[in-house]
Amino acid sequence: MVYLHTALNQQFPPADLPGAVRAVLGKPLRRAAGLTQLALLGAFACLPEERRHLPTALLWQSTSGPRLETITLLEEICTSAAEPMPYDFLATQPAIAAAQIQPMLPGLHSAMHIPLDSEKVANWSLLLNLAIEWLNEERYAQVLCAQLDLWPDSASGHWLCVGAEPLENSLASLQIATEPSQEAQADTPDVPARLADWLNHGKTASLSLHSPAAPRLAVEFTRL
């Protein structure tokens, strides 16, 4: 059995990210891209200190990706005769986010980034299906699934933390469903917010999340 531990939604003005990171760490995270800062803030909010050493995977999707960082790098190349700074180049690589937060999250053993091509469609179902498989195979104790986006006027992180054991504050159990309900929810970026609303106000005992990429596959959540 797999359990939903956290459903979290974070919103920041981009200029506030360094201050939010400093408040969490007690020091700045130097030369960290916005997506790295979002990854750190969400991971720390999802995982209490005593669980940060446990074997953990991070699966995250993004519509924006490192777009702002790439624009900065291109402007440096086009307007300056000098070579761009190495950390500006590294900021354009999505994988660097996990590498930079791993020292503060020692249990982080692997990470995967999935780019999205539409702001209206997400891959939560696929992320959760993979998380369920890994947890059932006992590869990890917990998996962080996230959508991180950084735009000029907004920075957002949406998170689901799932684990192989029930915790005192676990919210629901989840499993792969091969016969999705006719009332299955659409797979959109706001899935964590809709899950939180269902947990707080929903009248049904279960909720199914439908994957547009795999129409006959869904994830079913059941209240605890």
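Attention here is on the structure that accompanies the text. (Residues numbered from 1 in each chain as written. Predicted model: local features only at pLDDT ≥ 70, side-chain atom pairs only at ≥ 80, totals over all residues. Heavy atoms only, no water.)

1. Points about the overall build of the protein chain
Next up, step 1: Regarding its fold elements, the protein chain presents seven helices and eight strands.
Next up, step 2: Out of the 224 residues in the protein chain, the part that is buried amounts to 47%.
Next up, step 3: Sequence-distant contacts in the protein chain: of pairs separated by 6 or more residues, those separated by 24 or more amount to 74%.
Next up, step 4: Put simply, the protein chain shows about 11,200 Å² of open surface, and 54% of that area lies on carbon and sulfur atoms. (Helix = DSSP H or I, 4+ residues; strand = E, 2+ residues; numbered from the N terminus. Buried < 20%, exposed > 50% of the residue type's maximum accessible area, 1.4 Å probe, protein only. Contact = heavy atoms within 4.5 Å. Areas by Shrake-Rupley, 256 points an atom, 1.4 Å probe, with all protein chains shown as cover.)

2. Observations regarding the packing of aromatic side chains
Next up, step 1: By the definition in use, this model includes one aromatic pair.
Next up, step 2: One residue, arginine 52, lies across the ring of phenylalanine 44, its end atom 3.8 Å from the ring centre.
Next up, step 3: A cation over a ring is seen here: arginine 223 above tryptophan 198, with NZ or CZ 4.7 Å from the ring centre. (Phe/Tyr/Trp six-rings, centres within 6.5 Å; stacked < 30°, edge-to-face > 60°. Lys NZ or Arg CZ within 6 Å of the ring centre and 35° of its normal.)

3. Structural notes on the environment of leucine 29
Next up, step 1: You can see leucine 29 is positioned in the loop between helix H1 (17-25) and helix H2 (34-46).
Next up, step 2: In this structure, the C-alpha to C-alpha distance between leucine 29 and proline 18, residues eleven residues apart in sequence, is 7.4 Å.
Next up, step 3: Setting aside chain neighbours within four positions, we find leucine 29 in contact with Val21, Thr36, Leu40 and Met104.

4. Brief notes about the side chain of glutamine 37
Next up, step 1: Its location among the elements puts glutamine 37 in helix H2.
Next up, step 2: With residues near it in sequence (within four places) discarded, glutamine 37 still touches Leu17, Pro18, Val21 and Ala32.

5. What about the side chain of arginine 52?
Next up, step 1: Of note, arginine 52 is situated in the loop between H2 and strand E2 (56-62).
Next up, step 2: For the buried arginine 52, which has no salt bridge, the nearest side chain bearing the opposite charge is glutamate 49, at an N-O separation of 5.1 Å.
Next up, step 3: Discounting residues that sit within four places of it in the chain, arginine 52 has contacts with Phe44, Leu47, Leu105, Pro106 and Gly107. (Lys, Arg positive; Asp, Glu negative; His and termini not counted. Salt bridge = Lys/Arg side-chain N within 4 Å of Asp/Glu carboxyl O.)

6. Thoughts on the sheet that holds strand E6 (residues 172-177)
Next up, step 1: Pairing in this open sheet of eight strands is mixed, and the strands run E3-E2-E4-E5-E1-E6-E8-E7 from one edge to the other. A single partner strand is all that each edge strand has here, and the edge strands are strand E3 (108-115) and strand E7 (206-210). The sheet shows a mean angle of 25° between the axes of neighbouring strands, taken without regard to direction.
Next up, step 2: Lying on the sheet, helix H7 (residues 191-201) is in contact with strand E1 (2-12), strand E5 (154-163), E6, E7 and strand E8 (218-223); it crosses E1 at an angle near 120°. (Pairing = 2+ DSSP bridges. Axes fitted to C-alpha atoms, helices over the stretch in contact; angles between N-to-C directions.)

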